[in-house]
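Structural description and commentary
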Amino acid sequence: MKYPIKRDATGMRAEYKRADFGEMKRGQFLEFARAALMQNTATESLTIRPAVDADIEGMRTLLNEIIRVGGTTAITNELSSDEMREWFISGAAVVSCFVAADSNGTIAGFQSLSKYDSLPAGWVDIATFASRSRQKSGVGSALFAHTREAASQRGFAVINASIRVVNEGGLAYYSRMGFETYLVEDGDPHAQGRVFNRLRKRFVL
């Protein structure tokens, strides 16, 4: 999907417009436009589409590498194919999941929405995973365009993101997408290996 950019005679950006974004706050719009302008040629060739069963192994390879490296996700154990299907494809909590695939069909990233009973009514939870080699290539921005639209179409009012405080890249990403911090959680990182200090950010649709 291309991001049309018009420039004036000096070569400066004159206008940036995405039809599927609707009304955005000026600050959110400018941040998203700035992120899109930083995308490289590889990102422009990405295909963003709903995840299907055939994507499970590619998604699992990407996510399990992130888990092994550690430091960014609260998931501590590598996931099986069945767990990937339950968490991101067809489980009861799954609302949507989009993958970003390059011209060779390799999964460069994926982003999901899930509905949990712990969330307020009208809220949905987001999770984003990008290949470590593609984290600054605009994959996340491209995925969020589709995820945001999916949340809006399904009637959700707020998208919630929970990010570990040590995940500086994740915190910066969600801030660029227009998420705002509303809660800081303190946790014991040694409690069963799954409780961490986290920030909760929300995006109001």
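Note that the structure is a prediction, hence the values are computed from the model and not measured.

Some words on the packing of aromatic side chains
The tally for this structure, following the rule as stated, stands at 10 aromatic pairs. Aromatic side chains Phe 88 and Phe 129 sit 5.9 Å apart centroid to centroid with 80 degrees between the ring planes, which places their arrangement in the edge-to-face category. Taken together, the residues span a long stretch of sequence, with Phe 88 in helix α4 (residues 81–89) and Phe 129 in strand β6 (residues 123–130) at a distance of 41 residues. Among the residues examined, Phe 88 registers a relative accessible area of 5% and is labelled buried. Here Phe 129 falls in the buried class, since its relative accessible area comes to 9%. With a centroid separation of 5.4 Å and an interplanar angle of 75 degrees, the aromatic rings of Trp 123 and Tyr 182 are classed as edge-to-face. Within this pair, whereas Trp 123 is found in strand β6, its partner Tyr 182 is found in strand β8 (residues 180–185), the two being separated by 59 residues in sequence. Trp 123 sits in the buried class, given a relative accessible area of 14%. One aromatic cluster is present, formed by Phe 144, Tyr 173, Tyr 174, Phe 179 and Phe 203 through successive ring pairs.

A look at the pairing of strand β7 (residues 158–164)
Burial of β7 is extensive: six of the seven residues sit out of reach of the surface. The pairing of β6 with β7 spans three bridges and is classified as parallel. Within β7, the residue paired with Trp 123 across the bridge is Val 158. For β7 and strand β9 (residues 198–204), the ladder comprises seven bridges, and the chain directions are antiparallel. By the bridge assignment, Ala 161 is partnered in β9 with Lys 201.

Some details on the environment of Ile 66
By secondary structure assignment, the location of Ile 66 is in helix α3 (residues 56–69). Note on Ile 66: relative accessible area 8%, which makes it buried. With 63 residues separating them in the primary sequence, Ile 66 and Phe 129 have C-alpha atoms 8.2 Å apart. Setting aside chain neighbours within four positions, we find Ile 66 in contact with Thr 72, Thr 73, Phe 129 and Ala 130.

Examining the environment of Ala 121
Note on placement: Ala 121 falls in the loop between β5 (107–114) and β6. Spatially, the C-alpha atom of Ala 121 lies 8.5 Å from that of Phe 156, the residues being 35 residues apart in sequence.

Analysis parameters
Residues numbered from 1 in each chain as written. Predicted model: local features only at pLDDT ≥ 70, side-chain atom pairs only at ≥ 80, totals over all residues. Heavy atoms only, no water. Phe/Tyr/Trp six-rings, centres within 6.5 Å; stacked < 30°, edge-to-face > 60°. Helix = DSSP H or I, 4+ residues; strand = E, 2+ residues; numbered from the N terminus. Buried < 20%, exposed > 50% of the residue type's maximum accessible area, 1.4 Å probe, protein only. Pairing = 2+ DSSP bridges. Contact = heavy atoms within 4.5 Å.

Nothing here speaks to function; it is geometry throughout.
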